[in-house]
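Descriptive analysis of the structure
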Amino acid sequence: SLIGFGGSLLDSLFGSLLQGKYICRVCGSQVESKLHCGEKTELCRGFSFVNNSTVNFISAILTFVIAFIIF
């Protein structure tokens, strides 16, 4: 449905803008966790308190609100 597609877009948008992304100091990979290769990673964008579960929750709530308003 169109609402589901919109929710997917919101999830992708919030994930790219808000979710914490980190650089591993050991291997140089960009990761979503605060630890990699057994060492702490360095935040390179987003917010450290926003993880994938937070993004999913925000997207689900906003999708529900939009669907509720439309219908």
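Summary of the structure given here. (Residues numbered from 1 in each chain as written. Predicted model: local features only at pLDDT ≥ 70, side-chain atom pairs only at ≥ 80, totals over all residues. Heavy atoms only, no water.)

Turning our eyes to something else, we now look at the overall build of the protein. Along its length, the protein carries two helices and four strands. Sequence-ordered secondary structure for the protein, helices as α and strands as β, is α-β-β-β-β-α. Expected size for 71 residues packed as a compact globule is a radius of gyration near 11 Å; at 15 Å, the protein overshoots this value by more than 25%. Seen through its C-alpha atoms, the protein measures out along the principal axes to roughly 50 × 20 × 15 Å. Contacts in the protein between residues far apart in sequence, at least 24 positions, make up 46% of those at least 6 positions apart. Of the roughly 5,000 Å² that the protein leaves accessible, carbon and sulfur atoms contribute 67%. Distance from the positive charge centre (5 side chains) to the negative charge centre (4 side chains) of the protein: 4 Å. (Helix = DSSP H or I, 4+ residues; strand = E, 2+ residues; numbered from the N terminus. Rg over C-alpha atoms; globule rule 2.2 N^0.38 Å. Contact = heavy atoms within 4.5 Å. Areas by Shrake-Rupley, 256 points an atom, 1.4 Å probe, with all protein chains shown as cover. Lys, Arg positive; Asp, Glu negative; His and termini not counted. Charge placed at Lys NZ, Arg CZ, Asp CG, Glu CD.)

The next thing to look at is the sheet that holds strand 1 (residues 21–24). The sheet built from four strands is open, its strands ordered 2-1-4-3 with antiparallel pairing. The open sheet has two edge strands with one neighbour each: strand 2 (30–31) and strand 3 (35–36). As paired elements, strand 1 and strand 4 (residues 39–45) share four bridges and run antiparallel to each other. Bridge pairing in strand 4 places Cys-24 opposite Thr-41. (Pairing = 2+ DSSP bridges.)

Glancing now at the side chain of Thr-63. Take Thr-63: it is sitting in helix 2 (residues 52–70). Relative accessible area serves as the criterion here: at 16%, Thr-63 is assigned to the buried category. A distance of 2.7 Å separates a polar side-chain atom of Thr-63 from the backbone oxygen of Ser-59. Thr-63 has contacts with Ile-3, Gly-7 and Leu-10, leaving out every residue within four places of it along the chain. (Buried < 20%, exposed > 50% of the residue type's maximum accessible area, 1.4 Å probe, protein only. Polar contact = N/O pair within 3.5 Å; in protein donor to acceptor, adjacent residues only side chain to side chain.)

This next bit is on unusual backbone geometry. Even without being glycine, Cys-37 reaches a positive phi, approximately 55 degrees. As for its placement among the helices and strands, Cys-37 is situated in the loop between strand 3 and strand 4.

In this section: the packing of aromatic side chains. Per the counting criterion, the structure on display carries two aromatic pairs. Here Phe-47 and Phe-49 contribute two aromatic rings whose centre-to-centre distance is 5.5 Å and whose plane-to-plane angle is 40 degrees, an arrangement assigned as tilted. Relative accessible area serves as the criterion here: at 41%, Phe-47 is assigned to the partly exposed category. (Phe/Tyr/Trp six-rings, centres within 6.5 Å; stacked < 30°, edge-to-face > 60°.)

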